[in-house]
Structures are given as C-alpha cells and as structure tokens.
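Listed below are the residues making up each chain.
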Amino acid sequence: MQATIQVEEFLPYMPGVAKCERSLRELNFAWRLIESTAKMVCPAEAKTILPTMKATREGFNSLEKQLITNLAQENITKSVQEMQFKAQVIIDIVVRNLFERTADVGFLAMDDAIRAFILDEDRDAGTLVPRLQAYRDKYTVYDEILILDTGGEVLAHLDGASDVSHSSDALIAATLNSDSYVESFHHSDLRPGQERSLIYSRKIVHPRDGSAIGVLCLCFPHAVEMEGVFDGLRKTADRSVMLMLDADGYVISSSDEPHIPVGRQVPLALDGDYQIISYAGRDYFAKTCAAQNYQGYGGPGWLGHVMIPCEAAFKGQALDALSAYDAATLAGIMAHAKTFCPPLHEVSVSAEAINLALRRVVWNGKNMSAGQDSDLLRLKSILQEISQTGDETSRVFKDSIHDLYGTVISSGLQDAQFISRLMIDIMDRNLYERANDCRWWALTPDIRRLMAESLQTGSLGNEDTLRIAQILEAINALYTAYTRLVVFDASGRIVAASDLHKDGLETAGCMMDPALVRKTLALPGSQAYCVSGFEPTWLYADRPTYIYCAAIFHPDENRAVGGIGIVFDSEPEFRNILLSSLPKRAGAFAAFTDRAGNVISSTHAGYPPGAELHPSQAIMQEKTGVSAAQILVQDGQYMMVGHTASFGYREFKNSGDYHNDVIAMVFVPIGEKTEANAADQGWAYTDDSHEPKQDVLEYATFLIDGDVFALPTSHVVEAVETGRMHSASTLKPLISGVLDYQDNSGEPSIFVPVVDMRNLIRPGTDSTGELGEIIVVRQGKHTLGLLVGSLHDVLEFGSGQIDPPLNMFHNQPRFVCNLIKTGSHNRMIQVIDFDSIMRHVYEKKSAAEQDTFIAGAAGSVESAESIESIDQAADGMPESMRA
C-alpha cells in the first residue's frame, strides 16, 4: 500500500521529534496555568494582557502541529532520499556495466581466430584457450567464456573447474535465430552448480557467406559485481538492506544474505516516494527502482530495492550539520532558509511574529505597571512568568527549527556526497573499459600480422592499409565512445585510422605525439597500456582528452612493431556522466578535475575543460576513495559541495597499472553570499548587588544595533508594531514615516511622526540591521514615535548607578543625558534625552505652527492613505525633520 504520513505512527521511531512534542505540551500547560493565575490574582490589571496570552497560546498550539509535522516529514524525507538514491544506483550502475557487455559479445563474435578455430575440422581446444584467456585477462568482469557449435557442443571454454561439454539451453536456439546479442538470466547447464546465470550470447557467422557456425557465450558473475556495488553504498552502522530483484521480486543479490537470502521474494515498492511493506513479520520503509534507459539499453529487467526497519530508519540522524560553521556563515546560510525549506521557514517566521507580539505586550505591561503598588507588583510577577514562558517556548521552537534545518542541510550534503561518489565510480568504470579495449584490439591477429610484415617490406601496401582501416572502422562502429582509433608504426607515423563522426580529418602519414609513442613502444607486454595526459590533441580538434595506447607486438617475437591509440570522446561521454546524476536544482552543477583543479569536464559554462576550479585546498588533497561534503562559498554563492577522489574499479588504478587521480565535485546552491546580520539579542540584565537601592527609578529599555538604550517609563506610552507606520519618503532620513495613532483615552486619533533613532543617534551609519519596533512617547501635548531595533525590558536602577555622560562634542546635539552602570557584562545603558529629541524635531516652530503642521499631515493620511499624500505634508515640516 502507498504510505501516508501519520505523525503519531512515526513518533516512537523519532526520539528527537517526540522530545520536542513533549516539551511543547508541557509549555502549553504552563500557559494555561499562568492564565488561570492571572485571572485569580489580579483580574483587573491583567485584563489587557489576557486576550494576548490566549492568542499566543493558540498561535503556538497551531504552530506546534505544523512544526511536529515538518519535523516528521523532514526526517522521513531524509531517509527516503537515501533509500531512493541507493535503489536507483544499484540498478543504474549495473545497467551501465551490462551495456558494455552487449558490445563485447558482438565484437568478440567477429574474432577471426575464433571463427578459424570453429571452421578447422582438426581443431584443438588447447589452441584457442590461450586467446580466450588473454581476453579474460583484459576484461576481468567475465568468469567464463564458451564457444559452442550450432548443435550445442562445447568446443572450448575457460573455466577449468567445469566439465561442461554439451548444452541444451534454449538460449542457443534463441541466439542462432537472432541477429543481435541475447541476454539470458536463468539456470543454465552451461554453468552447472549455479542457481541462475547471467549470460550474453551472440551468433558466430562464417566470414564469407554469413551463415551461422557457432555461438559465443560470455558469463558475467553478477554476485561478485554486486558485492562491490553494495560496499560502495554501505555506510557505517547501516541498517538498510540493499537488494537486486527480478521483475517478480525474487532476490538476485543481497547486501545481507543472513537477513534476506538470495531466492527469497519480497514485496515491491515501485509506487510513490516510498512504501511501508511487511516482511517476516516486520515493517520496513522500502523503495524499488527500475533501470533508467542508457543509450537505448534498459538492462535485463532487474530492479534496485532498498528496505530499512521502521524502528531503525531515523536513528543516527541527530548529527548537527550546522555546528561546523561560524556564526557569520550560519547567518548567511539561514538567510536563505525560505529557498531550501519553505514550509519550515513559514513556521519560523510565524513563531517569531507571535513571540515578538508577546514580548511587546509584556514590555508594555511592565511599563504600565511601573511603581510599587501591591496590585501592580502582582501583575509584574505575572508578567515575569509570561516573559520566561514565552522565552522558553521560543527557545524550544528555535532549537527544533535549528535541528530541522540541520536535517534538511544534512540531507542535501548527504545527497551531494553520494552523487559525487556515483559520478566518479561511473567514470572509473567507463575508463576501465577503455584500458581493456586498447589492449585487446592490439591483439587483433590481422593487425599484428600486417604490421609485422611491414617491417620486412618497409611499408604497408594499399590493400593492407585498407584492411587495417576496415578493422578499425568495424570496431569503432560498435564502440562509439571513441572519436577515432589509430594504428601507428614504430616511428609514430599513423598508418590507418577510423573516423566515426566523418569529420574529414586527414590522419594517414601524420605523426603521433613522440612522448606517447615512446611510452607505448616501451610497454613490457600485452597486459600493459599507457594513457596520455588530459590535454589538447589535434586528433580531437585541439580539445583536451585521453588517448589510451597499447603496443602491437610481433606475432612470433616479443617486440613492439607499432601501437594502437584510441581517442576517447571525452566531451560528451564525461558530460553525460555528470548530467545523468546531477541534482535537479536550479544553479546546480558538477565537474571532474585533477588535483590541481584543472577541469576535465563540467556542466557549468563558466568552467569548460582546461579552466580552473579550486573550491578548497582540503578537497583537492582528499585521500583516494574518500567522499565528503560541506558548505562553501563558490562564485559568490553558498554551495553544498559533495566531492569524492577517484578510487578505480577492479584492477584499474588499483594494481599500479595507472595513476591519475580525478576528483568529482557536485555543487548545489543555497543562495547568494550576503553580510547577514544577527538579530538584536542584547543581553539579560541581572542585578548582582545585594545592597538596597536608594531613589529607585524605572526605565523602559530597547536595543539599536546591539546597544541598549533607556527611556524613563514616565515618558513611554506603549510600543507598537512597525506595520502600523505609513512610509514617507520625502521626510527621510530623520523621519521614517507617520502613525495614525489613537491611545486608550478615547480621544480622536492623531498624526504622530516616527523618528529613526539610528539615524538620529548615529547619522551616516551603514548598518542594515532591522528596526522592528516603534515606541510611542509623550511629553505634554507632543507625541512622537521612536523607531528602534527591538524591545529589551523594563528595569529598576538606583540613583547611585546613574552618571552623567562624558562632556564631549560640545557643538553637536546630545541625545544621551545619562549613563547607567549595570555591573553586567561590562555594559553601559545610555539614557535617551527626551527633551533634546523633542527640541531637535520641533525646533524654531511656534506652538501654532506645530498644530497647523500636525493637523495638515494627519488630514493627508486620513484622506488618502498613500505615500504621495503623506509626502505632500512634508512642505509644512521643519527643516530638521525634512533633513
């Protein structure tokens, strides 16, 4: 059945989510307890804050459900993405491998030595076995090669442990009736002792009339191959089971045979992102993936399948992917949270909005309750509890959201790491075939014979040259990963070449690179090969590529008479490898580079082959076979970068045959690098002195760019949200806008100019920190709004803690009248000189002029509610307000 997310069902498997849910339920109980206490202890004083408390509790309750659902969803998504990736890789990487087998069997069936052996009535299997063994030595993916006649008699084979002499397998008739390869996977008498065998067969035809004379069978040991695939995908303490299944769900290969053995049937999970299946009385998350078509080949119909016990699916996910980054980088990453996790960003924004509203109400309540009246003191206690509970609720949300962002980032990093490993694995497997091809084709009997004879005659005749060219063209037609194949003599002169793309390049008589020729002719035997550097060559239109070379040895002597060079079509081949696995994310790109950062291939137009891509020294120096991922800045963007240093395939790059480290890198953008500003957190004031205060004064405190300022509570009316302010562009920078303000007195609303306190106190500052609160202040009949960063607290200080400011900058307005020594964190609080601000705003205006201006501006706001109307009121503003 298709699974749907039931949070309650998954919570037992997600300890982190369950803990968060418990914490939020406890806080919900605390909110209800505070509400009840406030109603009993100070009902009259608390009536203004009770509606906000209720709205806060209900708001957090609603967000709690969203948060828990998102936590569960992202945990599930992380597990599902890993399962999907593994299941798809299991089948796709094998299909790419098997695609090469379809070409191998077609070419080897054309081998002149094999055809001559079949046609020889006095044939001796011992004469052909060394050639089959030479082939097997190059193409080590096969464990058995068989040559049969059309009646099923085994004429020659490699496996000395097998005594097979005749076969009645239906694949023989199917192969003789086909003009292409036949792919078989079943129990076969050709491989006695094996339950099912994967065999690629091809009809062998007479060289003159094309009649069937035999059958070639290449046996691929899928179990051995799958061990390597599973090992590459297995993580430390991995509880998932990786399987290769046939179309009916029977296990072909298993990463955990004691748990799920070969031959056992398991339920398929082809539908949806995942399914929950039952196996042996246990529930599993599972995903099954069919093969993606590769160059027209879809594989033998197998399926990749991954399943993990539900109780183990979410263990090991508590790693904090964000803890490795400094505060500035983390702030920059989180600035793009809306991009990489929109639902979670919405929860975060909503939670912050609720908490800001709550803090504003508490701050206003504390300001309103300033004084020593007993009822007000009880209200202060209630407000303190509200503040602490609000902070704790906010902390739980922030911690949970941080953890969830970490899960999302961790999932993205894990994907990038896995993909980079897949890319380099496919590349190494691809180039393994290139090393095999050049060595085997150098053993082509006619090419060896003709090149040896040319030493005696001094040159190749036209017919001999044409024959070699025909062989190369026939090979290149089957093996399209090469732009051209060339045969050159001992001097390095090209004697014949294929031209797959018919580009018209004249190669005959041209010289190969002397250094590559010397390396080729110095090879010790037919098992050795050499490779050019990844560099431009005239054989590839002056573009960089690899040329794989092998020596052509004299048929009767152990000496090189020339060489074969195969020009790899690197541009499309490497690009296709990168594109086939690239994450479907706008701006994502991938690249292969060497350790110096020289680009071999890239999906980014800005990093063509030969360009330099060097994201970090650590990446370029990573050990062979190591995969990792981190967040880096590349091209002005925060990027999740997964990378893997090449580790070869089978003996390729692992037997001392060839050393060429390549690094696969995957870049997934998070967002543009910006100088993100952390929110004003201020600091918590704690009074450590135990001495009684004399002449206690109360101040309402607020923050601007992290610094704490204070106003006497006697001047403060209340704090309101900035959303109530109408912008007024012509009044800036001193006046940010206006409020159409009405207090609780029942008087009509009035126009209130809002002063930008940052610009007033620090004119010319380039700070971009948010100014998120407006404090309404009043003196006599004058009312102002002060635009500040955030609200801090309402605090009591003794007169002994308050000092006058330093007497500096005599010729400039002073907007700070006192400094308060806190004794906490070596911080000072600056007391705003309210009178000085009022004089600065209303200087040189008579009372009548001020009344006229305020009335006119208020009328503009009421009549139009538009920026244009407000700006028109600026004509009557004092010069100091228009700045």
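Residues numbered from 1 in each chain as written. Predicted model: local features only at pLDDT ≥ 70, side-chain atom pairs only at ≥ 80, totals over all residues. Heavy atoms only, no water.

Let's talk about the sheet that holds strand 9 (residues 282–290)
Strand order in the open sheet formed by five strands is 7-6-10-9-8, with antiparallel pairing between adjacent strands. With partners counted over all chains shown, the strands left at the sheet margins are strand 7 (251–254) and strand 8 (275–279), one partner each. Between one strand and the next, the sheet's axes are offset by a mean angle of 35°, whatever the strand orientation. Across three bridges, the pairing between strand 6 (residues 241–245) and strand 7 is antiparallel. Pairing of Met244 across the sheet is with Ser253, part of strand 7. (Pairing = 2+ DSSP bridges. Helix = DSSP H or I, 4+ residues; strand = E, 2+ residues; numbered from the N terminus. Axes fitted to C-alpha atoms, helices over the stretch in contact; angles between N-to-C directions.)

Brief notes about the packing of aromatic side chains
Counted under the stated rule, the structure contains 27 aromatic pairs. Pairing Tyr135 with Tyr142 gives two aromatic rings, centres 6.3 Å apart and planes at 25°, and the pair type is stacked. Residue classification places Tyr135 among the buried residues on the basis of a relative accessible area of 1%. With 6.4 Å between their ring centres and 70° between their planes, Tyr548 and Tyr658 make a pair best called edge-to-face. With a gap of 110 residues between them, Tyr548 in strand 16 (residues 547–553) and Tyr658 in the loop between strand 21 (637–645) and strand 22 (663–672) connect regions that are remote in the sequence. For the residue pair Tyr548 and Tyr658, the accessibility class agrees, reading buried in each case. Each residue in the set Tyr529, Phe534, Tyr546, Tyr548, Phe568, Phe574, Phe592, Phe652 and Tyr658 is aromatic and connected to the rest through ring pairs, giving one cluster. The cationic tip of Arg421 hangs over the ring face of Phe647; the distance from NZ or CZ to the ring centre is 4.4 Å. The lysine or arginine in question, Arg543, covers the ring of Tyr540, its NZ or CZ lying 3.8 Å from the ring centre. (Phe/Tyr/Trp six-rings, centres within 6.5 Å; stacked < 30°, edge-to-face > 60°. Buried < 20%, exposed > 50% of the residue type's maximum accessible area, 1.4 Å probe, protein only. Lys NZ or Arg CZ within 6 Å of the ring centre and 35° of its normal.)

Regarding the pattern of salt bridges
Under the defined criterion, the tally for this structure stands at 37 salt bridges. The closest approach of N and O atoms between Asp159 and Arg191, which form a salt bridge, is 3.1 Å. Placement of the pair is Asp159 in the loop between strand 2 (154–157) and helix 7 (170–176) and Arg191 in the loop between strand 3 (182–186) and strand 4 (197–205), with a sequence separation of 32 residues. On the basis of relative accessibility, which here comes to 7%, the residue Arg191 falls in the buried class. The closest approach of N and O atoms between Lys821 and Asp803, which form a salt bridge, is 3.6 Å. Of this pair, Lys821 sits in strand 33 (residues 816–821) while Asp803 is found in strand 32 (residues 802–803), placing the two residues 18 residues apart along the sequence. Accessibility expressed as a relative area gives 38% for Lys821, which makes it partly exposed. Exposure remark for Asp803: the relative accessible area of 28% places this residue in the partly exposed category. Here the salt bridges share partners, and the residues they tie into one network are Asp112, Arg115, Asp446, Arg449, Glu453 and Arg467. (Salt bridge = Lys/Arg side-chain N within 4 Å of Asp/Glu carboxyl O.)

Focus: the side chain of Thr175
Tracing the backbone through its elements, the reader meets Thr175 in helix 7. Beyond its immediate stretch of four places on either side in the chain, Thr175 contacts Val182, Ser201, Arg202, Lys203 and Val215. (Contact = heavy atoms within 4.5 Å.)

Quick notes on the confidence of the model for the chain
Summary statistics for the chain give a mean pLDDT of 85 and a share of 88% for residues scoring 70 or more. Under a pLDDT of 50 for its full length, residues 1–5 has, in the predicted model, 15 contacts with residues more than four places off or in other chains. A low-confidence stretch, residues 855–883 stays under pLDDT 50, and its non-local contacts, those more than four residues away or across chains, total 53 contacts. (pLDDT = per-residue confidence, 0-100.)

Topic: helix 9 (residues 327–334)
Residues Thr329, Leu330, Gly332 and Ile333 constitute the buried set of helix 9. Considered in projection along helix 9, the buried side chains sweep an arc of 160° and stay on one side of the axis. Exposed side chains of helix 9 directed beyond 90 degrees from the buried face belong to Ala327 and Ala328. Between the side-chain oxygen at the start of helix 9 and the backbone nitrogen of Ala328 there is a gap of 3.2 Å, and the oxygen is on Asp326. (Arc of directions from axis to C-beta. Polar contact = N/O pair within 3.5 Å; in protein donor to acceptor, adjacent residues only side chain to side chain.)

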